[in-house]
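Single-letter residue listing:
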Amino acid sequence: MPIYEYICTACDTRFEALRSFSKADDLISCEQCQSEETQRAVSAAFAHSGGRVVAGSSASTGCGTCSGGSCSSCGV
Ligand SMILES: [Zn+2]
């Protein structure tokens, strides 16, 4: 089961939770203040492997596997 990272917008706390993929975007309570004003953050693993985050990258740029342009050919 993957680990997801969440950030609480109420108290700015980041926390991680083990959840199944289908529940990744379900509501989760902050472990610090119990607020449900939380959102899923990009996981540490993703951040480290990428080095940079490009918003909407899947739509217009390559993925690293393909040489750029479109990912429709490489299936990523
Ligand atoms: Zn909180």
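Keep in mind the model is a prediction, meaning the values are calculated, not measured. (Residues numbered from 1 in each chain as written. Predicted model: local features only at pLDDT ≥ 70, side-chain atom pairs only at ≥ 80, totals over all residues. Heavy atoms only, no water.)

What follows covers the coordination of the zinc ion. All of the protein donors around the zinc ion are Cys-8 (SG), Cys-11 (SG), Cys-30 (SG) and Cys-33 (SG); their distances to the metal are 2.3 Å. Metal-centred angles of 107 to 114° between the 4 donor atoms at the zinc ion mark the site as tetrahedral. In primary sequence terms, the donor set of the zinc ion follows C-x2-C-x18-C-x2-C. Taken as a pair, Cys-11 in the loop between β1 (3–8) and β2 (14–18) and Cys-30 in the loop between β2 and β3 (38–41) lie far apart in primary sequence, 19 residues in all. Take Cys-11: its relative accessible area is 31%, and that puts it in the partly exposed class. (Donors = N, O, S within 2.8 Å, 3.2 Å for Na, K, Ca; no water. Tetrahedral: all angles 85-135°; square planar, octahedral: opposite > 155°, others 65-115°. Helix = DSSP H or I, 4+ residues; strand = E, 2+ residues; numbered from the N terminus. Buried < 20%, exposed > 50% of the residue type's maximum accessible area, 1.4 Å probe, protein only.)

Per the counting criterion, the structure on display carries 2 salt bridges. For Glu-5, the salt bridge goes to Arg-14, with nearest N and O atoms at 3.1 Å. With a shortest N-O distance of 2.8 Å, Asp-25 and Arg-40 are connected by a salt bridge. Note that Asp-25 is positioned in the loop between β2 and β3 and Arg-40 in strand β3, a separation of 15 residues in sequence. (Salt bridge = Lys/Arg side-chain N within 4 Å of Asp/Glu carboxyl O.)

Before going further, it helps to spend a moment on the nonpolar core. Formed by Tyr-4, Tyr-6, Cys-8, Phe-15, Ala-17, Ala-24, Ile-28 and Cys-30, the largest nonpolar core amounts to 8 residues. Among the elements that make up this core, the one with the highest residue count is β1 (3 residues). Beyond its immediate sequence surroundings of up to four residues, Phe-15 is in contact with Tyr-4, Glu-5, Tyr-6, Cys-8, Ile-28, Ser-29, Cys-30, Glu-31 and Thr-38. (Core = buried A, V, L, I, M, F, W, Y, C linked by side-chain atoms within 4.5 Å. Contact = heavy atoms within 4.5 Å.)

Attention now moves to the side chain of Ser-35. Examined against the element boundaries, Ser-35 turns out to sit in the loop between β2 and β3. Those residues in contact with Ser-35 that lie beyond four places of it in its chain are Cys-8, Ala-10, Ile-28, Ser-29 and Cys-30.

Ser-35 gets classed as buried once you look at its relative accessible area, which sits at 15%. When the C-alpha positions of Ser-35 and Thr-9 are compared, they lie 8.7 Å apart, and in sequence the two are 26 residues distant.

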